[in-house]
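Topology and contacts: notes
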Amino acid sequence: MLLDFNRLGGLRVALSAIAFLVGAFLLLPIVVIVLLSFGSSRYLQFPPPAWTLRWYEELFDNPDWLASFATSFEIAVVVAVAATLLGLMASFGLARGRFPGKEALRALFLTPMVMPVVVLAVALYAFFLRLQLNGTFVGFVIAHTIIALPFAIISISNALEGFDKSIEDAAVLCGASPLEAKLRVTLPAIRSGLFGAAIFSFLASWDEVVVAIFMASPDLQTLPVRIFSTLQQDLSPVIAAVSSILVALTVLLMAVAAIFRRGKPA
Amino acid sequence: MTRPFLSIRNIEKTYGRVVAVQDVSLDIAQGEFVTFLGPSGSGKSTTLYAIAGFLQPTRGDVLLGGKSLLSVPSNKRNIGMVFQRYTLFPHLSVADNVAFPLRVRRQPKAEIDAKVAAMLKLVRLETMADRMPAQMSGGQQQRVALARALAYDPPILLMDEPLSALDKKLREEIQIEIKRIHNETGVTILYVTHDQEEALRLSDRIALFNAGRIEQLGTGHDLYEKPASRFVAGFIGNSNFLHGKLSRSDRSITLPDGTAIQGVALDKVGPGQGDVSIMIRPDHFRLHNGEAAPRLVGTVTDTTYLGEYTQLTVLTAWGGALSVRLPPDDRASPVEKGQSIALTCAPLDVRAF
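Treat the numbers as computed from the prediction; the structure is a model and nothing was measured.

Let us look at the overall build of chain B. Helix and strand counts for chain B come out as eight helices and 20 strands. For chain B, with 353 residues in total, the buried portion stands at 50%. Partitioning the contacts of chain B with sequence separation of at least 6, the portion at a separation of at least 24 is 67%. Carbon together with sulfur atoms contributes 50% to the accessible area of chain B, which is approximately 16100 Å² in total. Here chain B contributes 41 positive and 37 negative side-chain charges, whose respective centroids are spaced 6 Å apart.

Turning to the overall build of chain A, a few remarks are in order. Assigned secondary structure in chain A consists of twelve helices and zero strands. Taking the principal axes of the C-alpha coordinates as reference, chain A spans close to 70 × 65 × 35 Å. Within chain A, buried positions represent 41% of all 266 residues. Residue pairs at least 24 apart in sequence account for 68% of intrachain contacts in chain A once pairs closer than 6 positions are excluded. Carbon and sulfur atoms provide 72% of the accessible area of chain A, an area that totals close to 14600 Å². Distance between charge centres in chain A, computed from 17 positive and 16 negative side chains, equals 11 Å.

Our next topic: the packing of helix 3 (residues 63-96) of chain A against helix 8 (residues 178-189) of chain A. Residue and element names in this part refer to chain A. Between helix 3 and helix 8, whose axes approach to 14 Å, the crossing angle comes to 85°. Here helix 8 runs roughly perpendicular to helix 3, going by the angle between their axes. Mapping the contact onto sequence places Leu88, Phe92 and Arg96 in helix 3 and Lys182, Thr186 and Leu187 in helix 8. Across the contact of helix 3 with helix 8, the residue classes break down as three nonpolar, one polar and two charged.

Working definition: the strands of a sheet are paired by backbone hydrogen bonds and lie parallel or antiparallel to each other. Residue and element names in this part refer to chain B. Judged by pairing direction, the sheet is antiparallel, and its four strands sit side by side in the order 2-1-4-5 without closing on themselves. Edge positions in the sheet fall to strand 2 (18-28) and strand 5 (67-68), since each of these pairs with one other strand and no more. In this structure, strand 1 (residues 6-15) lies alongside strand 2, joined through seven bridges in antiparallel fashion. Residue pairing across strands places Thr14 opposite Val19, the latter belonging to strand 2.

The topology assignment puts Glu180 of chain A in helix 8. With residues up to four places along the chain from it excluded, the contact list for Glu180 of chain A reads Val185 of chain A together with Val104 and Arg106 of chain B.

Under the 1.5 Å per step criterion, the end-to-end length of helix 4 (residues 138-150) of chain B is 18 Å for 13 residues, consistent within 8% with the ideal 18 Å. The buried fraction of helix 4 of chain B amounts to 13 of the 13 residues, a majority that puts the element mostly inside the structure.

So, about the sheet that holds strand 20 (residues 351-352) of chain B. Residues and elements named next belong to chain B. Read across the open sheet, the five strands follow the order 13-12-11-14-20; overall the sheet is antiparallel. Because the sheet does not close on itself, it has two edges, and the strands there are strand 13 (260-262) and strand 20. Examined bridge by bridge, strand 14 (residues 274-280) and strand 20 share two bridges and lie antiparallel to one another. Note on strand 20: the bridge partner recorded for Met279 is Arg351.

The next point concerns the pattern of salt bridges. Under the defined criterion, the tally for this structure stands at 22 salt bridges over all chains. Its salt-bridge partner being Asp169 of chain A, residue Lys165 of chain A comes within 3.0 Å of it at the nearest N-O pair. Of the two residues, Lys165 of chain A and Asp169 of chain A both sit in helix 7 (residues 165-173), four residues apart, roughly one turn of that helix. Lys165 of chain A sits in the partly exposed class, given a relative accessible area of 36%. Taken together, the salt bridges that share partners define one network made up of Arg124, Glu177, Arg180 and Glu184 of chain B.

So, on to the interface of chain B and chain A. The interface of chain B with chain A comprises 22 residues on the first partner and 19 residues on the second. In total, about 1900 Å² of surface goes out of reach between chain B and chain A, with carbon and sulfur atoms giving 67% of it. Considering only the side of chain B, the residues that lose the most area to chain A are Asn75, His91 and Phe100 of chain B, jointly responsible for 30% of the buried surface there. For the pair chain B and chain A, the number of links is two salt bridges. Scanning the region where chain B abuts chain A turns up five residue pairs in polar contact (both at pLDDT 80 or more). The leading source of residues in the side of chain B that touches chain A is helix 2 (residues 94-104) of chain B, at four residues.

A word on unusual backbone geometry. Cis geometry is adopted by the peptide bond preceding Pro47 of chain A, which originates at Phe46 of chain A and carries an omega value of -5°. As for its position among the elements, Pro47 of chain A is in the loop between helix 1 (11-37) and helix 2 (54-61). With phi around 50°, Ala211 of chain B is a residue other than glycine that occupies positive phi space. Within the fold, Ala211 of chain B resides in the loop between strand 9 (205-210) and strand 10 (213-218).

The next subject is helix 3 of chain A. In this model helix 3 of chain A runs 49 Å from its N-terminal to its C-terminal C-alpha over 34 residues, within 8% of the 50 Å that 1.5 Å per residue would give. If you check the start of helix 3 of chain A, you find a side-chain oxygen 2.8 Å away from the backbone N of Asp64 of chain A, and it comes from Asn62 of chain A.

Turning to the pairing of strand 16 (residues 296-305) of chain B, a few remarks are in order. Two faces make up the sheet, and in a regular strand the side chains alternate between them. All names here are of chain B. Pairing of strand 16 with strand 19 (residues 340-344) involves four bridges; the strand directions are antiparallel. By the bridge assignment, Val297 is partnered in strand 19 with Ala342. The antiparallel hairpin formed by strand 16 and strand 17 (residues 310-316) contains four residues in its connecting segment, where Gly307 sits at a positive phi of about 80°.

Another point: the environment of Gly38 of chain B. Residue and element names in this part refer to chain B. Looking at the element boundaries, Gly38 is found in the loop between strand 3 (33-37) and helix 1 (44-52). Along the backbone, Gly38 and Ile176 are 138 residues apart, and their C-alpha atoms lie at a distance of 21 Å. Residues contacting Gly38, with those up to four places away along its chain left out, are Lys44, Thr193, His194, Leu208, Phe209 and Phe235.

With the rule as written, the count across this model stands at twelve aromatic pairs over all chains. Plain terms: the ring middles of Phe36 of chain B and Phe209 of chain B are 5.0 Å apart, the flat faces sit at 45° to each other, and that makes the pair tilted. Placement of the pair is Phe36 of chain B in strand 3 and Phe209 of chain B in strand 9, with a sequence separation of 173 residues. An aromatic cluster of three or more residues is present, and its members are Phe69, Phe73, Phe202 and Trp206 of chain A. One Lys or Arg, Arg230 of chain B, reaches over the ring of Phe241 of chain B and ends 4.0 Å from the middle of that ring. The ring of Tyr224 of chain B carries Arg281 of chain B above its face, with NZ or CZ at 4.0 Å from the centroid.

Conventions we followed
- Residues numbered from 1 in each chain as written.
- Chains lettered and ligands numbered in written order.
- Predicted model: local features only at pLDDT ≥ 70, side-chain atom pairs only at ≥ 80, totals over all residues.
- Heavy atoms only, no water.
- Helix = DSSP H or I, 4+ residues; strand = E, 2+ residues; numbered from the N terminus.
- Buried < 20%, exposed > 50% of the residue type's maximum accessible area, 1.4 Å probe, protein only.
- Contact = heavy atoms within 4.5 Å.
- Areas by Shrake-Rupley, 256 points an atom, 1.4 Å probe, with all protein chains shown as cover.
- Lys, Arg positive; Asp, Glu negative; His and termini not counted.
- Charge placed at Lys NZ, Arg CZ, Asp CG, Glu CD.
- Axes fitted to C-alpha atoms, helices over the stretch in contact; angles between N-to-C directions.
- Parallel < 35°, antiparallel > 145°, perpendicular 65-115°, else oblique.
- Nonpolar A, V, L, I, M, F, W, Y, C, P; charged D, E, K, R; others polar.
- Pairing = 2+ DSSP bridges.
- Expected span 1.5 Å × (residues − 1).
- Salt bridge = Lys/Arg side-chain N within 4 Å of Asp/Glu carboxyl O.
- Buried area = accessible area lost by both parts, 1.4 Å probe.
- Polar contact = N/O pair within 3.5 Å; in protein donor to acceptor, adjacent residues only side chain to side chain.
- Phe/Tyr/Trp six-rings, centres within 6.5 Å; stacked < 30°, edge-to-face > 60°.
- Lys NZ or Arg CZ within 6 Å of the ring centre and 35° of its normal.

What follows is the structure, encoded as structure tokens:
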């Protein structure tokens, strides 16, 4: 290759340094937050004067935080399932269907990813007012599913387009009904795409804050919303603890997604 | 004649104004090996897909044992098929792939196990039962696909260019395997290929497709020795095509240099006379021995010694190039480049279209 890293000579050092700095720039705030969550200073003093688990104790003693954790988790799980199912059906249409306007439809499905989230949030808020869905679990799920759907569709339709339709045809000739062939052959063959869709849909809902602020009610707040509203009152290290848990779960899910992708048959 | 096992009747398939297959009819006997041969886009795969049920013909019918297949969905047709592309289920082991059609049919486990073992033995892959498809070569994958397609004892096995992704040596090896499996199981096989050598090697009969029609149906020998049309003559084997003038009164054809060939095969020429196209196979030429009837003179422009025969390029008096293959007994006096040469051929081997 023209730009072979091993042949760059002196530039290699510079390039490594730049890569290191970019990595540090991206990771440092997260590292600082995690360190602060274990620091003893109430005013988020850095570096922390001493280490403590006090903020985690406070967090787990507070029913409001725990309720928000549960709310976020429940919504994200339902969104993951809903977006994956809808994404699967949409992907079959996009990958296999032959109809005019298919590319336009594909672009339409992906608009939630490029549209300013706040526009989507205002529109959904106005719409849900009429349906009285604001502040409800169903409202949250619908709103987050819209945001998660493009991730699910990209992940699943990539997997489906890499899957040879002849394999499904072979299953049908072997005696499987078209539905049975999809369930027993196609879905297992694209499972890494399905898991990817579920994980990214979960994450899309799990850390979403803009739409959630519009959807939330005093009784129903997701974790990011509670972090945001708590921040407006005071800057407690409990927030650092909550954030650390959010980060930990996200990293865990990304790792799971990466493992699934590696396990994908060549 | 007894009732045909599989009967394809006047199949036609059109896509809008495009005609993919028109008026294809064919009767196939039980246990026969029939190949659909033809260039790509000639309708051979379309016909196969109509039998498999992946597409519905615009017109016509397919009968198996006297019953129409068209209203039966693909999964109920009980037909075996090996595809051009590798279609093993990627998440299942070799044994599970072969067992799949039997599990779908809810057969008892003991029967399935016995059948899977028997099928893997048939394709000589007993030791690979636990392999995953990704760990196997293309040739091995196609053999597993064959085992899977035969596991439920289908009355017909369809094969859609199953070897086209393999290299030549492997292809010949698996052709021998297919021939053996056909003999051992007695299954009726419909085989699609664009490779004439493969068709000649495997088939009892060949249906040569061109532009959506069957151009000629017959044994390999029929197609090579008695081509029904110029297309067949050009597709099967190598041919020299020459222009000549036909005179019906003495059944003779005159070549541009005045050489007259009498008694040629005229069964494929329409009525009338005048300009015709004639075909002579390279291996039908012999060195002229002084008395034989047609005497065609030319200059050797190229010779290639190939052991089994010598390949010559001969420039005729009117400037056309002839491809000539001389057998070993004519090699006694070596033919050299630049030499003038006199050739002859049996008039019945000359075919006019």
